[in-house]
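# Observations on the model geometry
Read off the chains here:
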Amino acid sequence: MQNTVQPLNEMLVSKSLSAADYVPTLDAMLSRTLARIALKKEQGLRTPDELWIVDHNDVYTLGQAGKEEHILQRTNTPIIKTDRGGQVTWHGHGQLVIYWLFDLESLGWSVRNMVSHAEQAIEDVVNDCLKSHASNSDSISAHARRDAPGVYLYSHLNTASNENAQSLSNAPADNAIMLGKIASLGFKIKHGFSYHGVAINLDCDLSAFNAINPCGYAGMQMLRLADFATMDEQTEDEQLAVHAAEKSIQAINNCLSYEQVTQKLIDNIAKRHAGHIQLRALAPK
């Protein structure tokens, strides 16, 4: 497990973990959160908030109130009970997980504010990727739902006006068709400090979700960005080999990488944390 730390601003740092097992990561998150709580209570110190960017080894996690009945099939993948909100989900390679270790009181954020910032940051980044790297960018868009946390993709092919559908920044058109879920959320709040966070399917193997009712929703279709935007699944060395074989460098440049999406989301969250991006009005229920 590699661990790199990068300052984003005076009160926010990012920490990257690759090939991370779930339990040690959870233990480290909780330990760090408890230490920050103690520093604030005992010494009045505000410590920098942290974004943990995690590439997890395959695991199913069952939330605090999670029901075993949502696990449809036992596989070789570990099932871990955890203390976040929500039901059962899967984490693994090709999925971007970002844990938000935030002091909500110091930020002046309610829990609802944090959830909305998380959903809207994902909306911003996914929609930007669709706009710049999808051939059908006018017909697919990402939106949160008030009745079910997370971010979902909608098709506007059957709407009267695609232009009108795309102009709605916080809600799909009334007759848009929901295709499925691309990102999940699950947080834990302890003494005003958050941990756990969000998971966005980029180029992962979605078959892992077949063994569960994702987030407790039977029949929920899980989606990944790679099926809607052109993503590069090659390593840097493989890209150079392609170039050496005299294939079009333009084709490589037109591909969206896992790292690019990650950086876009980190940048968006950092701007929200610094107060540079304000919350949009929530979609009506």
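Structure first, text after, so check above.
Bear in mind that the values here come from a model prediction, so they are computed numbers and not experimental data.

What counts and what doesn't
- Residues numbered from 1 in each chain as written.
- Predicted model: local features only at pLDDT ≥ 70, side-chain atom pairs only at ≥ 80, totals over all residues.
- Heavy atoms only, no water.
- Pairing = 2+ DSSP bridges.
- Helix = DSSP H or I, 4+ residues; strand = E, 2+ residues; numbered from the N terminus.
- Axes fitted to C-alpha atoms, helices over the stretch in contact; angles between N-to-C directions.
- Contact = heavy atoms within 4.5 Å.
- Expected span 1.5 Å × (residues − 1).
- Buried < 20%, exposed > 50% of the residue type's maximum accessible area, 1.4 Å probe, protein only.
- Arc of directions from axis to C-beta.
- Phe/Tyr/Trp six-rings, centres within 6.5 Å; stacked < 30°, edge-to-face > 60°.
- Lys NZ or Arg CZ within 6 Å of the ring centre and 35° of its normal.

## What about the sheet that holds strand S10 (residues 177–190)?
- Strand order across the open sheet formed by eight strands is S1-S2-S3-S7-S11-S10-S9-S8, with mixed pairing between neighbours. A strand with exactly one partner marks an edge of an open sheet, and here the two such strands are strand S1 (3–9) and strand S8 (140–144). Ignoring strand direction, the axes of neighbouring strands in this sheet form an average angle of 20°.
- For strand S2 (residues 12–20) and strand S3 (residues 49–56), the ladder comprises seven bridges, and the chain directions are parallel. Residue alanine 20 lies in a different strand from S3, and its bridge partner there is histidine 56.
- Of the strands in this sheet, S2, S3, strand S7 (95–101), S10 and strand S11 (193–201) are in contact with helix H1 (residues 22–43), which crosses S11 at around 145°.

## So, H1
- When the terminal C-alpha atoms of H1 are compared, their 31 Å separation across 22 residues agrees well with the 32 Å that a helix rising 1.5 Å per residue should span.
- Along H1, the positions that sit buried rather than exposed are Tyr22, Thr25, Leu26, Met29, Thr33, Arg36 and Ile37. Each buried residue of H1 sits inside an arc of 105° when the element is viewed along its axis, so together they form one side. Every exposed residue of H1 that faces more than 90 degrees away from the buried side is listed here: Glu42 and Gln43.
- Just beyond H1, the residue with positive phi is glycine 44, at close to 70°.

## Section: unusual backbone geometry
- Phi at alanine 19 is positive, roughly 50°, even though this residue is not glycine.
- Position of alanine 19 among the secondary structure elements: in strand S2.
- For alanine 19, a relative accessible area of 39% gives the class partly exposed.
- One non-glycine residue, histidine 191, lies in the positive phi region at around 50°.
- Counting through the fold element by element, histidine 191 comes out in the loop between S10 and S11.

## Comments concerning the packing of aromatic side chains
- Applying the stated criterion to the full structure yields four aromatic pairs.
- Geometrically, the ring pair formed by tryptophan 90 and phenylalanine 209 is edge-to-face, given 5.5 Å between the ring centres and 75° between the ring planes. Taken as a pair, tryptophan 90 in strand S6 (residues 88–91) and phenylalanine 209 in the loop between S11 and helix H5 (236–244) lie far apart in primary sequence, 119 residues in all. Here tryptophan 90 and phenylalanine 209 have matching classes, each one buried.
- Ring centres of tryptophan 100 and phenylalanine 102 lie 5.1 Å apart, and the angle between their planes is 55°; on these two criteria the pair is classed as tilted.
- On the basis of relative accessibility, which here comes to 1%, the residue tryptophan 100 falls in the buried class.
- Through a chain of ring-to-ring contacts, three or more aromatic side chains come together here, namely Trp100, Phe102, Trp109 and Phe187.
- A cation over an aromatic ring shows up here: lysine 15 above the ring of tryptophan 52, its NZ or CZ 3.9 Å from the ring centre.
- Lying across the ring of tyrosine 152, arginine 145 places its NZ or CZ 4.9 Å from the centre.

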